Amino acid sequence: MTTPLTATTDYEELRAQWGDVAWVELEPGVGAWLVMGYQEILTITRQEKLYSRDARNWRLFQEGVVPPDSGLGPMMFWRPNVIGADGGEHRRLRRPLDDGVAAIDQRRMRRSVEGMCADLIAGFRDKGSADLVGEYAAVIPMLAIADLFGLDVTQGHELLAALRALFGSAEDSQAGNKKFEEILGGIMNARQQDPAEDLTSRFLRHHDLNGDAEVLQSMVVMISAAQETTTTWISQTLRLVLTDPRFAGRMRGGRLGVDDALDEVLWRDPPMTNMPARYALRDTELGGRRIARGDALVLGLAAANADPSAHTGEAVIELGNRAHLAWSAGPHACPAPVPARLITRTAVETALHLLPDVRLAVAPDELTPHPSPWTRCPAALPVLFGDH
């Protein structure tokens with residue numbers, strides 16, 4: 001029986017049934033291989049000539065099994081950007097992202113994020129309760145990223161709503177994607193008339209980007225990936241502080257540095273649970289399974305991090321171990337783990353400092369992930385503090 005891929009998929013059960021490569025269902029009638037083995041993911045991500053990032057090679061889309069209006073589209077369909085390219089074309093489109101990340105003033109960003117965090121907490125502290133996802137973890141990355149690209153606070157909130165729909169891969173994902181690109185197109189057009197010292201202007205004048213379409217798609221990649229992954233990283237760290245006494249005690253007692261805590265979260269609940277996708281360019285074999293040309297392979301990053309061959313599961317033993325696959329691997333690995341860590345560390349430290357008595361307002365088993373086959377971000381973290 002094919003297992004639907006969701007935010008609550010049981011990877012241990014899948015591994016027991018299939019081994020390291022399992023056949024799953026992305027939406028009714030649309031199957032793909034979920035790759036859960038640590039070494040198998042390294043194999044895929046390092047062999048571009050066999051496993052392509054170009055979704056035009058997806059056989060089920062070519063054959064019409066996946067309709068053009070599928071909710072999977074915004075995350076899986078081909079776009080003319082760095083995600084959908086291989087080889088030299090990928091390297092060309094990757095350079096503007098790497099240069100953009102290198103241009104970020106980390107001191108300025110840290111100060112800016114600290115101010116954002118303090119302002120958000122001040123806005124809900126007096127009422128004695130909050131949702132640390134919707135009112136905090138999801139807002140901070142978008143405001144920080146919007147600032148880098150020259151977007152104002154209102155546009156940042158509009159982007160956040162559009163991205164939530166996009167990553168959900170449900171009926172509203174196509175509409176969310178359209179709104180997302182409309183907002184970015186607006187700031188891109190504004191910067192063509194009035195350049196500034198922001199990443200939008202840097203992309204517009206970068207010699208490796210040819211035309212408005214490539215500039216827009218580079219903005220789409222950088223903002224969407226950074227927002228969702230950083231929101232999830234912050235949320236999962238705060239969730240563990242609120243629900244895992246061992247984790248919380250070691251952090252608050254100083255026995256676990258914040259960076260070590262963040263790495264433990266990357267092992268246990270990486271920001272991208274499952275990463276779409278690679279497409280086999282010829283018939284092959286992987287993890288004992290026969291992979292047909294055109295098959296889609298989803299990188300099961302969370303499952304691979306729990307692979308018994310690569311991870312003991314003992315946080316104390318593996319303190320300082322950063323061999324996780326939270327940022328994927330190979331040429332398509334995340335280009336911005338450093339600013340993501342800066343934002344996440346600042347958000348977590350500020351929350352723990354300004355809300356020392358924060359506590360969960362519901363039972364831990366009442367927390368549920370936001371619906372998505374790709375991420376496992378808590379839908380909400382309702383908390384109380386003060387005398388409430």
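So, a few notes on the structure that sits alongside this text. Source: prediction; values computed, not measured. (Residues numbered from 1 in each chain as written. Predicted model: local features only at pLDDT ≥ 70, side-chain atom pairs only at ≥ 80, totals over all residues. Heavy atoms only, no water.)

### Notes on the environment of V65
Our working rule: By the criteria applied, helices consist of DSSP H or I runs no shorter than four residues and strands consist of E runs no shorter than two, each listed in order from the N terminus. Whether a residue is buried, partly exposed or exposed follows from its accessible area with a 1.4 Å probe, protein chains only, as a fraction of its type maximum: under 20%, in between, or over 50%, in that order. Whether two residues touch is decided by their heavy atoms; if any such pair falls within 4.5 Å, the residues are in contact.
Checked against the element boundaries, V65 lands in the loop between helix 3 (59-62) and helix 4 (73-76). Relative accessible area serves as the criterion here: at 37%, V65 is assigned to the partly exposed category. For V65 and G31, which are 34 residues apart along the polypeptide, the C-alpha to C-alpha distance reads 9.9 Å. Dropping the residues within four chain positions of it, V65 is found in contact with G29, V30 and L60.

### Side note on the sheet that holds strand 9 (residues 296-299)
Two pairing modes exist for strands in a sheet, parallel and antiparallel, and in both the strands are linked by backbone hydrogen bonds. So the rule is basically this: What makes two strands pair is DSSP finding at least two bridges between them. Axes, fitted as lines to C-alpha atoms, cover a helix only where it is in contact. Angles between the N-to-C directions of the axes lie from 0 to 180 degrees.
Here we have six strands laid out as an open sheet, ordered 1-2-3-9-6-4, and mixed in their pairing. Strands at the two margins of the open sheet, each flanked by one partner only, are strand 1 (3-4) and strand 4 (51-52). Pairing between strand 2 (residues 21-27) and strand 3 (residues 30-35): six bridges, direction antiparallel. Of the residues in strand 3, the one forming a bridge with E27 is V30. Of the strands in this sheet, strand 1, strand 2 and strand 3 are in contact with helix 1 (residues 11-18), which crosses strand 2 at around 125 degrees. Lying on the sheet, helix 2 (residues 38-45) is in contact with strand 2, strand 3, strand 4, strand 6 (275-280) and strand 9; it crosses strand 9 at an angle near 120 degrees.

### Details of the packing of helix 6 (residues 106-125) against helix 16 (residues 337-354)
Counted only if it meets this: Working rule for handedness: look at the near helix, and if it is turned counterclockwise from the far one by less than a right angle, call the crossing left-handed; if clockwise, right-handed. Polar here means any residue other than Ala, Val, Leu, Ile, Met, Phe, Trp, Tyr, Cys and Pro, which are nonpolar, and Asp, Glu, Lys and Arg, which are charged; Gly is therefore polar.
At a minimum axis separation of 9 Å, helix 6 and helix 16 run at an interaxial angle of 35 degrees. The two elements helix 6 and helix 16 meet at a crossing, and its hand is right-handed. Here Q106, M109, R110, V113, E114, C117, A118, I121 and R125 of helix 6 come into contact with helix 16, specifically with V338, P339, L342, I343, R345, T346, A347, T350, A351 and L354. Split into classes, the residues belonging to the contact of helix 6 with helix 16 amount to 12 nonpolar, three polar and four charged.

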